Amino acid sequence: MKINALVAQHADQPIKAGTVSQRDLQAADVSIDILYCGVCHSDLHMARNEWGVSQYPMVPGHEIVGRVKAVGAQVTRFAPGDLVGVGVMVDSCQTCHFCQQQEEQYCEAGFTATYNGTDKYTGGTTWGGYAQSVMVDEKFVVSVPENLAMEAVAPLLCAGVTVWSPLRYFDVKPGDRVGVIGLGGLGHMAVKLASALGAEVTLFTTSPQKGEDARRLGATHVVVSRDAEQMAAAKTSLDVILDCVAVPHDLNPYLATLKTNGKLVLVGIPDAPHPAADVTPMVFRRLSITGTSIGSIRETQEMLDFCGQHNITADIELIAGEEIETAFARMLRSDVKYRFVIDMQRTRW
């Protein structure tokens, strides 16, 4: 079946409306009419082949919210009309150690990406959410709370769960002191979720003008990282830091703000390595530099349920599909607060 989609044909060509072939409904499949799809910075990297792994033609998008259109004969968890979401993964081996303990993002065979992956039924490329519809195994579909603005839920499927996973894994609880580096798509969700968990949140930013917004989102403290006095005042004050910045930078000033046993968690992926950190404070204060990858399906559902209970969504700007290249250009200038979301109903095919 042919579906309308926004298609990247080559790294040096703009994304344009076109059509792609979607596989037939399988017994375990959920067919979803896409209503909204968030625009992740990784979509830009992939469309431009900046990581050297892109396959063309490509339909980007892995922050998908829509309604179930049809289900396969073996599907038990969803029915037509349900409001659902799809994130970064649409399959995994289901048999390895990590899949068996519901950590599919660490699948030893490698999970199947929502787009630019390999469809196990057809052997072709998986198509993402910049499209009218998507076909996904029910194990990789999550329920979206009906009380939330669905367009603002879309970024939770990647940006939200990417920061939720380390907050939960490292057991952030009321009274903990959490740092967040960078107030972008990931960072603004980290501030919202950490504060909703009861943590005292400190935002690190290079932009003093972001202070007011950070406090609106839930930060208690704002530290301008280029200000030596402000950084010194934050010394040894934090339990956990989520580093949401996707460009190489010096980690040492942030290690200095951690308490003994503190953890610096990398969730942003730069296009070149960070400079090597000083080992000495890590050894003498038992500090850790670690990282986590997106989140499992179980964590994604847990995060959505939590957001439904606390009325948490992303701060977004809605666009039509034909505005995607303009959105990419603005993303490169950090000119968005804090996530673009494509409205499929406004998109001209």
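Described in the following lines is the structure provided in the data block. (Residues numbered from 1 in each chain as written. Predicted model: local features only at pLDDT ≥ 70, side-chain atom pairs only at ≥ 80, totals over all residues. Heavy atoms only, no water.)

### A word on the overall build of the chain
- A tally of regular secondary structure across the chain gives 11 helices and 17 strands.
- Since a compact globule built from 349 residues should have a radius of gyration of about 20 Å, the 20 Å found for the chain is in line with a globular shape.
- A principal-axis box enclosing the C-alpha atoms of the chain has dimensions of 60 × 40 × 35 Å.
- When each of the 349 residues of the chain is scored for burial, the buried share is 54%.
- Long-range contacts, defined as pairs at least 24 residues apart, comprise 68% of the intrachain contacts of the chain with a sequence gap of at least 6. (Helix = DSSP H or I, 4+ residues; strand = E, 2+ residues; numbered from the N terminus. Rg over C-alpha atoms; globule rule 2.2 N^0.38 Å. Buried < 20%, exposed > 50% of the residue type's maximum accessible area, 1.4 Å probe, protein only. Contact = heavy atoms within 4.5 Å.)

### Section: helix α5 (residues 185–196)
- When the terminal C-alpha atoms of α5 are compared, their 17 Å separation across 12 residues agrees well with the 16 Å that a helix rising 1.5 Å per residue should span.
- The buried fraction of α5 is high, at 10 of 12 residues.
- When α5 is considered as a whole, its buried residues turn out to be Gly185, Leu186, Gly187, His188, Met189, Ala190, Val191, Lys192, Leu193 and Ala194. (Expected span 1.5 Å × (residues − 1).)

### A look at the side chain of Asn116
- Here Asn116 lies in the loop between β7 (112–113) and β8 (133–137).
- A distance of 3.1 Å separates a polar atom in the side chain of Asn116 from the backbone oxygen of Val53.
- From its side chain, Asn116 meets the backbone nitrogen of Gln55 in a polar contact 2.7 Å long.
- Those residues in contact with Asn116 that sit more than four places away from it in its chain are Met46, Val53, Ser54, Gln55, Met58, Thr125 and Thr126. (Polar contact = N/O pair within 3.5 Å; in protein donor to acceptor, adjacent residues only side chain to side chain.)

### Examining the pattern of salt bridges
- Using the criterion set out here, one finds 21 salt bridges in the structure.
- Two residues, Glu302 and Arg168, come together in a salt bridge whose shortest N-O distance is 3.7 Å. In this pair, Glu302 is assigned in helix α10 (residues 297–310) and Arg168 in helix α4 (residues 159–169), connecting sequence segments 134 residues apart.
- Residue classification places Arg168 among the partly exposed positions, given a relative accessible area of 34%. (Salt bridge = Lys/Arg side-chain N within 4 Å of Asp/Glu carboxyl O.)

### Looking at the packing of aromatic side chains
- If you walk through the whole model with that rule in mind, you get 4 aromatic pairs.
- On the numbers, 6.2 Å between centres and 65 degrees between planes, the contact of Phe98 with Tyr106 is edge-to-face.
- Owing to a relative accessible area of 30%, Tyr106 belongs among the partly exposed residues under this scheme.
- Seen in terms of ring centroids, Tyr169 and Phe170 are 5.0 Å apart; in terms of plane orientation they differ by 90 degrees. Their pairing is edge-to-face.
- On the accessibility criterion, Tyr169 (59% relative accessible area) is exposed.
- Classification of Phe170 by relative accessible area gives buried; the value is 18%. (Phe/Tyr/Trp six-rings, centres within 6.5 Å; stacked < 30°, edge-to-face > 60°.)

### Here's the deal with the packing of α4 against α10
- Between α4 and α10, the shortest axis-to-axis distance is 10 Å and the interhelical angle comes to 100 degrees. On the basis of their axis angle, the class for α4 and α10 is roughly perpendicular. Contacts between α4 and α10 involve Gly160, Val161, Trp164, Ser165 and Arg168 from the first element and Glu299, Thr300, Glu302, Met303 and Phe306 from the second. (Axes fitted to C-alpha atoms, helices over the stretch in contact; angles between N-to-C directions. Parallel < 35°, antiparallel > 145°, perpendicular 65-115°, else oblique.)

### Here we look at the sheet that holds strand β14 (residues 258–266)
- With parallel pairing, the 6 strands of this open sheet are ordered in space as β12-β11-β10-β13-β14-β15. Strands at the two margins of the open sheet, each flanked by one partner only, are β12 (221–224) and β15 (288–291). For this sheet, the mean inter-axis angle between neighbouring strands, taken without regard to orientation, is 20 degrees.
- One ladder, built from 5 bridges, connects strand β10 (residues 177–181) with strand β11 (residues 200–205); its direction is parallel. Its bridge partner being in β11, Arg177 is matched across the sheet by Glu200. (Pairing = 2+ DSSP bridges.)

### Here's the deal with the environment of Thr280
- Along the chain, Thr280 turns up in helix α9 (residues 279–284).
- Owing to a relative accessible area of 45%, Thr280 belongs among the partly exposed residues under this scheme.
- Between the C-alpha atoms of Thr280 and Val267, which are 13 residues apart in sequence, the distance is 23 Å.

### Structural notes on the state of the cysteines
- In total, this model carries 0 disulfides according to the counting rule given.
- Among the cysteines around Cys96, which has no disulfide bond, Cys93 carries the closest sulfur, lying 3.6 Å off.
- Not engaged in a disulfide, the cysteine Cys107 finds its nearest cysteine sulfur in Cys93; these two sulfurs lie 3.6 Å apart. (Disulfide = S-S within 2.5 Å.)

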